[in-house]
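As a plain string of letters, each chain reads:
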Amino acid sequence: MYLPTILASDVSEQMQQTMKENPDKVYFPNLGGDNIFTNGITINREMFTIPGTSFTIYWYGFLIALGILLAMIYGYKRMKSYGIDPDRATDGVIGGLIGAIAGARLYYIAFNTTGLTIKDFFKFRDGGLAIYGGIIGAILVGGIIVKIRKLKLTAMLDVVAPCFLIGQAVGRWGNFFNQEAFGSNTDAPWGMMSYHTMYFLADNRESIAASSGVNVSCFAPVHPCFLYESLWCLLCFVIIVIAIVIIYSVSNRFNSVQDYSYSEFKEDLRDDKVTAVEISPNSETPTGVVNVTLLDGSVNRFYVSDVAAIEEEMKKIIKENLELERFELPREEAIKFMEEKEEPY
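Owing to the predicted nature of the structure, the values given are computational and were not obtained by experimental measurement. (Residues numbered from 1 in each chain as written. Predicted model: local features only at pLDDT ≥ 70, side-chain atom pairs only at ≥ 80, totals over all residues. Heavy atoms only, no water.)

Regarding the overall build of the chain
Step number 1: Helix and strand counts for the chain come out as eleven helices and eight strands.
Step number 2: Within the chain, buried positions represent 35% of all 345 residues. (Helix = DSSP H or I, 4+ residues; strand = E, 2+ residues; numbered from the N terminus. Buried < 20%, exposed > 50% of the residue type's maximum accessible area, 1.4 Å probe, protein only.)

Regarding the sheet that holds strand E5 (residues 193–194)
Step number 1: Pairing in this open sheet of three strands is antiparallel, and the strands run E2-E1-E5 from one edge to the other. Edge positions in the sheet fall to strand E2 (41–42) and E5, since each has one partner strand and no second.
Step number 2: Note that strand E1 (residues 25–27) and E2 share two bridges and pair antiparallel. Across the sheet, the residue bridging to Val-26 is Ile-41, located in E2. (Pairing = 2+ DSSP bridges.)

Side note on the confidence of the model for the chain
Step number 1: Looking at the chain, pLDDT values average 80 and 79% of them are 70 or higher.
Step number 2: This model gives residues 1–6 a pLDDT under 50, and the stretch forms nine contacts once residues within four places in sequence are excluded.
Step number 3: This stretch, residues 253–287, has a pLDDT under 50; its non-local contacts, to residues over four places away or in other chains, come to 80 contacts. (pLDDT = per-residue confidence, 0-100. Contact = heavy atoms within 4.5 Å.)

Things to note about the environment of Asn-215
Step number 1: Mapping Asn-215 onto the fold places it in the loop between helix H8 (195–212) and helix H9 (225–250).
Step number 2: Of the residues examined, Asn-215 reaches a relative accessible area of 22% and is grouped as partly exposed.
Step number 3: Along the sequence, Asn-215 and Asn-185 sit 30 residues apart, while their C-alpha atoms lie 9.1 Å from each other.

Topic: the pairing of strand E3 (residues 46–49)
Step number 1: Bridge analysis of E3 against strand E4 (residues 56–58) gives three bridges, and the strand direction is antiparallel. Within E4, the position partnered with Thr-49 by the bridge is Thr-56.
Step number 2: Counted along the chain from E3 to the antiparallel partner E4, the turn is six residues long, and its residue Gly-52 has a positive phi close to 80°.

Side note on the pattern of salt bridges
Oppositely charged side chains may form a pair once their charged atoms are brought near each other.
Step number 1: A full pass over the atoms with the stated rule returns three salt bridges.
Step number 2: Note that Asp-120 is salt-bridged to Lys-123, the shortest N-O span being 3.3 Å.
Step number 3: Judged by its relative accessible area of 43%, Lys-123 falls in the partly exposed class.
Step number 4: We note a salt bridge from Glu-229 to Arg-172, for which the minimum N-O separation is 2.8 Å. Of the two residues, Glu-229 sits in helix H9 while Arg-172 sits in the loop between helix H6 (153–171) and helix H7 (174–178), which places them 57 residues apart along the sequence. (Salt bridge = Lys/Arg side-chain N within 4 Å of Asp/Glu carboxyl O.)

What to know about the environment of Thr-117
Step number 1: Relative to the helices and strands, Thr-117 is located in the loop between helix H4 (86–111) and helix H5 (131–148).
Step number 2: Along the sequence, Thr-117 and Leu-106 sit eleven residues apart, while their C-alpha atoms lie 9.4 Å from each other.

Quick notes on the packing of H4 against H5
Step number 1: Two elements in contact, H4 and H5, have axes whose closest approach is 6 Å; the angle formed by their N-to-C orientations is 150°. Crossing geometry of H4 relative to H5 is assigned as right-handed. Facing Asp-91, Gly-92, Gly-95, Gly-96, Gly-99, Ala-100, Gly-103, Ala-104 and Tyr-107 of H4, the residues of H5 in contact are Tyr-132, Gly-133, Gly-134, Gly-137, Ala-138, Val-141, Gly-142, Ile-145 and Val-146.
Step number 2: When its residues are assigned to classes, the contact of H4 with H5 shows eight nonpolar, nine polar and one charged. (Axes fitted to C-alpha atoms, helices over the stretch in contact; angles between N-to-C directions. Left-handed = near helix turned anticlockwise from the far one by under 90°. Nonpolar A, V, L, I, M, F, W, Y, C, P; charged D, E, K, R; others polar.)

Comments concerning the nonpolar core
Step number 1: Judged by nonpolar contacts, the single largest core of 13 residues is most densely connected at Val-26, Phe-176, Met-192 and Leu-201.
Step number 2: Residues contacting Leu-201, with those up to four places away along its chain left out, are Phe-182, Asn-185, Ile-208, Val-216, Ser-217, Cys-218 and Val-222.
Step number 3: Judged by nonpolar contacts, the second largest core, of eleven residues, contains Met-79, Ile-84, Ala-89 and Ala-155. (Core = buried A, V, L, I, M, F, W, Y, C linked by side-chain atoms within 4.5 Å.)

Here you go:
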């Protein structure tokens with residue numbers, strides 16, 4: 001008969017009693033010595049209560065919101081380098097957030113074993129979100145809106161992928177304040193213990209042994225799995241960012257304007273006329289953005305994602321077969337003429 005194994009040693013009876021007397025503290029007894037980690041870090045899952053109300057803000061919710069905010073800041077800073085107009089992408093971002101919340105809740109309800117039903121969908125404050133459903137919902141809803149807004153979906157996904165890692169890396173620390181998402185016993189220096197881990201393992205040790213073959217002890221430190229996932233997400237984020245920088249510098253592959261690179265069109269006219277337009281991406285222009293430079297030195301920019309719309313408009317103009325009238329004006333007269341057409345130069 002197979003006998004489950006114990007993975008770590010129990011702490012002293014004195015430490016066990018200390019944790020029972022201090023249910024609001026988290027301990028790291030394997031670090032040894034007399035310090036804040038072995039003496040316990042005081043935590044409270046409640047961040048604060050809004051004055052004059054009974055509405056409580058929890059650290060878990062705050063950290064998820066903080067992760068989303070940091071992810072959005074990073075994403076919006078990167079959009080232009082992928083040839084995405086941030087203004088047009090905002091609808092997709094908002095839709096993606098709504099889809100993520102709805103998807104996370106639906107996924108949790110669908111696979112929970114606590115008796116939740118679809119009637120409990122809006123009871124978010126009772127807990128119950130699943131990251132898998134959040135990712136699925138964000139991609140489905142956000143992706144549909146991105147296509148409707150005629151943005152390049154693959155480019156948007158390139159932007160969003162690191163954002164998921166930022167949000168998850170920050171949000172996972174909510175599990176620390178809730179004292180959840182921990183693993184089996186460990187003798188590692190970073191093994192943690194608390195009143196909550198003790199009683200959870202005491203109540204579930206038989207089911208854990210039956211399902212995993214591991215005999216856990218409620219009086220031994222446990223793996224802080226939320227910490228591992230947070231660090232792993234952070235590492236993956238750094239790797240992806242470095243990889244993108246390398247790929248951009250070597251081959252300019254991601255949503256680049258390579259089909260337009262070094263292409264330019266010029267019209268050779270006299271210096272006293274409104275003349276010469278040059279279009280050419282350069283090293284100072286963000287990838288996915290084209291400079292439109294006039295001879296007077298002024299520069300305008302448009303996104304490569306707008307090229308398709310511009311081409312369609314040009315095709316409509318060609319089909320109309322309009323009669324063209326060519327004439328030349330001195331610079332000052334030309335500027336005045338354009339201002340009268342409400343198209344100032």
